[in-house]
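Structure at a glance
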Amino acid sequence: MKTIGKEERPAGVEENPKQAGEVQIRERWRWTEPSVWTERMLTALEKGVKGGKWFSLVDKVYSSENLRASWEKVRSNKGAAGVDLQSIEAYEKEAEKNLVELEKVLREGNYRAKPVKRVWIPKVGSREKRPLGIPVVTDRIVQTAMRNILEPIFERTFAEQSYGFRPGRGCKDALRRVEELLKNGYTWVVDADIKSYFDSIPHDKLMKEVEEQIADGRVLEMIEGYLTQGIMDGLKEWQAEKGTPQGAVISPLLANIYLSKIDHEMARQGYEMVRYADDSVILCKTEEEAKRALEEMKGMLEARALTLHPEKTRIVDATQEGGFDFLGYHFERGMRWPRKKSMNKFKETIRHKTRRTSGESMKCITVGLNKSLKGWYEYFKHSHKTTFPRIDSWIRMRLRSILRKRYGGKGRGRGADHQRWPNVYFANLGLFTLTTAHALACQSRRGYH
């Protein structure tokens, strides 16, 4: 009988089970940084480590491969300079030298985070501004290197109903889950808003959550250093006593860690919660259940020194007029459409690109508009069909106003302008039409070709 070699394995004979298992593990964790998460590390991640805590991680933070991979991520994300005024372009000119020096500083334990530059970003539809922190380039690299280590460890323990800032998950996944629950009769909704969440997380309680899985003293010291690093607001420097710096690479991960136990406890009690960072909704079948869920949520948050916003948190019946907002959408009576703030932000973008004083050709203006329109449609394409014709009409009015001014007219495009520049005129220019895109998508879903 002929001996069967490796190259002559008959069909149907499986590979070595151990090898097949390793392939499955690698596939599950394909998003991890390969220079850090080797097959051995991933196996430990799957099976769990002794005592449930990870030791000796700092050497993986400062490994040259991890730092180089982290630099590439920071470089691709671009971003402004921090308090040291060093830009991405400036760092890149001597990247190799800078990374070697950074590895040395980290290895010797001499690394200290620099103060974060605070800038104030306008809130859409409000006169208020929200704070944003900009770390220096070096700190962004180190934080990315740390996230490469820490994220898989905690990702393994995160709950199913958490969607924000997690690999392989996003807003659309959370929205699909909300839509599914609403269709299944979970129409009493707790619209929960945690008051100033990122600025309110107590450092000591957060560190205890981190320490449940991380036992490397150097890594813990670095995390605490980020929480307590200085903040430069103009010429004034101060130190935050609580909160995670918004804008920091590692901040979303820390924020998810702090709410993870609430996710699990709410699920254990049978509540259908969908959370994206600090934005969450609890969907229930009755008003009584919604009231109980709200009280449970409130108690859990208070135990973590957090509070629900008294004005923004409410219970609504999604089958009635009023509805609720979640991740840019407004849900109401079995429908959804862009919430008011989303529309205001979108229209502000369009106004900027369709100023009547624009000197560009109508073709160039159309090309610029299409980039914004296609991106916006991709996210809001599941809106109710009545959403799109109104927006298309408003955009064409903006374009007719430009043409009207060029021909000596004043005011908005109206009246005879519709005959002078009919809809087909803009279609021939290649203007992306939301209504048409939505109609085609609906036909495709029904199986028409």
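What you see is a predicted model, and the numbers here were worked out from it, not measured in a lab. (Residues numbered from 1 in each chain as written. Predicted model: local features only at pLDDT ≥ 70, side-chain atom pairs only at ≥ 80, totals over all residues. Heavy atoms only, no water.)

Our next topic: the overall build of the chain. Across its full length, the chain carries 19 helices and eleven strands. In terms of overall dimensions, the chain has C-alpha extents of about 75 × 65 × 60 Å along its principal axes. The proportion of buried residues among the 449 residues of the chain is 45%. Across the chain, the fraction of contacts at a sequence separation of at least 24, relative to all contacts at a separation of at least 6, is 70%. Accessible surface computed for the chain: about 24,500 Å², of which carbon and sulfur atoms make up 50%. Between the mean site of the 82 positive side-chain charges and the mean site of the 62 negative ones, the chain shows a separation of 9 Å. (Helix = DSSP H or I, 4+ residues; strand = E, 2+ residues; numbered from the N terminus. Buried < 20%, exposed > 50% of the residue type's maximum accessible area, 1.4 Å probe, protein only. Contact = heavy atoms within 4.5 Å. Areas by Shrake-Rupley, 256 points an atom, 1.4 Å probe, with all protein chains shown as cover. Lys, Arg positive; Asp, Glu negative; His and termini not counted. Charge placed at Lys NZ, Arg CZ, Asp CG, Glu CD.)

Before going further, it helps to spend a moment on the environment of Trp54. The topology assignment puts Trp54 in the loop between α2 (39-47) and α3 (58-61). Exposure remark for Trp54: the relative accessible area of 8% places this residue in the buried category. Put simply, Trp54 and Asp317 are 263 residues apart on the chain and 45 Å apart in space, counted from C-alpha to C-alpha. Setting aside chain neighbours within four positions, we find Trp54 in contact with Trp37, Met41, Ala44, Leu45, Val49, Ile153, Gln213, Ile214, Ala215 and Asp216.

Once that is clear, we can look at helix α12 (residues 251-268). Spacing of three or four residues puts side chains on the same side of an α-helix, whose turn is 3.6 residues. With 18 residues, α12 should cover 26 Å at 1.5 Å per step; its first-to-last C-alpha distance of 27 Å lies within 8% of that length. At Leu259, α12 shows its largest bend, some 40 degrees. The buried fraction of α12 amounts to 13 of the 18 residues, a majority that puts the element mostly inside the structure. Gly270, located one to two residues past α12, shows a positive phi value of around 90 degrees. (Expected span 1.5 Å × (residues − 1). Bend = angle between axes of the 7 residues up to and from the residue.)

Let's shift gears to the side chain of Arg396. Counting through the fold element by element, Arg396 comes out in helix α16 (residues 387-406). Buried and without a salt bridge, Arg396 has Asp392 as its closest oppositely charged side chain, separated by 5.0 Å. Separated by 3.0 Å, the side chains of Arg396 and Asn423 make a polar contact. Leaving out residues up to four positions away in the same chain, Arg396 has contacts with Asn423, Phe426, Leu431 and Thr433. (Salt bridge = Lys/Arg side-chain N within 4 Å of Asp/Glu carboxyl O. Polar contact = N/O pair within 3.5 Å; in protein donor to acceptor, adjacent residues only side chain to side chain.)

This part takes up the confidence of the model for the chain. For the chain, the mean per-residue pLDDT works out to 92, and 94% of the residues sit at or above 70. Low pLDDT (under 50) marks residues 1-15, which in the prediction has six contacts with non-local residues, meaning those over four places away or in another chain. (pLDDT = per-residue confidence, 0-100.)

When strand β1 (residues 116-122) meets strand β4 (residues 230-233), the two strands line up parallel, connected through two bridges. Its bridge partner lying in β4, Val116 is registered against Ile231. Two strands pair when backbone bridges link them, and β4 and strand β5 (residues 236-239) are joined in this way by four bridges, in the antiparallel orientation. Counterpart to Asp233 in the pairing with β5 is Lys236. Here β4 folds back onto β5, and the loop between the two strands holds two residues, one of which, Gly234, carries a positive phi near 70 degrees. (Pairing = 2+ DSSP bridges.)

Here the focus is the packing of aromatic side chains. Considering all chains together, one arrives at 16 aromatic pairs under this definition. Between the aromatic rings of Trp29 and Trp31, the centroid separation amounts to 5.7 Å while the plane-to-plane angle is 50 degrees, which identifies the pairing as tilted. Aromatic pair Tyr197 and Phe198: ring centres 5.5 Å apart, planes at 65 degrees, arrangement edge-to-face. One aromatic cluster is present, built from ring pairs that chain together Phe324, Tyr329, Phe331, Phe346, Trp376, Tyr379 and Phe380. Above the face of the Tyr329 ring, Arg336 is positioned so that its terminal group lies 4.6 Å from the ring centre. Over the aromatic face of Trp394 sits the side chain of Lys347, whose NZ or CZ is 5.0 Å from the ring centroid. (Phe/Tyr/Trp six-rings, centres within 6.5 Å; stacked < 30°, edge-to-face > 60°. Lys NZ or Arg CZ within 6 Å of the ring centre and 35° of its normal.)

Of all hydrophobic cores here, the largest spans 114 residues; its most connected members are Met146, Ile214, Phe324 and Phe326. Looking at this core, the element that brings in the most residues is helix α7 (residues 137-155), giving nine residues. Excluding residues within four positions of it along the chain, Phe324 makes contact with Val178, Leu182, Val189, Asp191, Val281, Arg314, Val316, Ala318, Tyr329, His330 and Phe331. (Core = buried A, V, L, I, M, F, W, Y, C linked by side-chain atoms within 4.5 Å.)

A separate point is the sheet that holds strand β7 (residues 279-284). In sheet architecture, strand pairing relies on hydrogen bonds along the backbone and comes in two forms, parallel and antiparallel. Overall, antiparallel pairing links the four strands, which are arranged β6-β7-β3-β8 in an open sheet. Each having just a single partner strand, β6 (272-276) and β8 (314-317) make up the two edges of the open sheet. Along the sheet, successive strands turn relative to each other by an average axial angle of 20 degrees, direction set aside. Across six bridges, strand β3 (residues 188-193) lies against β7 in antiparallel orientation. Along β7, the bridge assignment pairs Asp191 with Val281. Packed onto the sheet, helix α8 (residues 171-183) meets β3, β6 and β7 and runs at close to 160 degrees relative to β6. (Axes fitted to C-alpha atoms, helices over the stretch in contact; angles between N-to-C directions.)

To continue, consider the packing of helix α14 (residues 340-353) against helix α15 (residues 362-380). Running from N to C, α14 and α15 point in directions that differ by 170 degrees, and their axes come no closer than 10 Å. Looking at the two axes, α14 sits roughly antiparallel to α15. In this structure, α14 meets α15 at a crossing whose hand is right-handed. Residues Ser342, Met343, Phe346, Thr349, Ile350 and Lys353 of α14 lie in contact with α15, whose contacting residues are Ile365, Gly368, Leu369, Ser372, Leu373, Trp376 and Phe380. (Parallel < 35°, antiparallel > 145°, perpendicular 65-115°, else oblique. Left-handed = near helix turned anticlockwise from the far one by under 90°.)

A few words on the pattern of salt bridges. Summed over the entire model, instances satisfying the criterion amount to 27 salt bridges. When the shortest N-O distance is used, the salt bridge between Asp263 and Arg275 registers 2.8 Å. Of this pair, Asp263 sits in helix α12 while Arg275 is found in strand β6, placing the two residues twelve residues apart along the sequence. Each member of the pair Asp263 and Arg275 is classed as buried. The partner of Glu265 in a salt bridge is Arg268, and the shortest N-O contact between them spans 2.7 Å.

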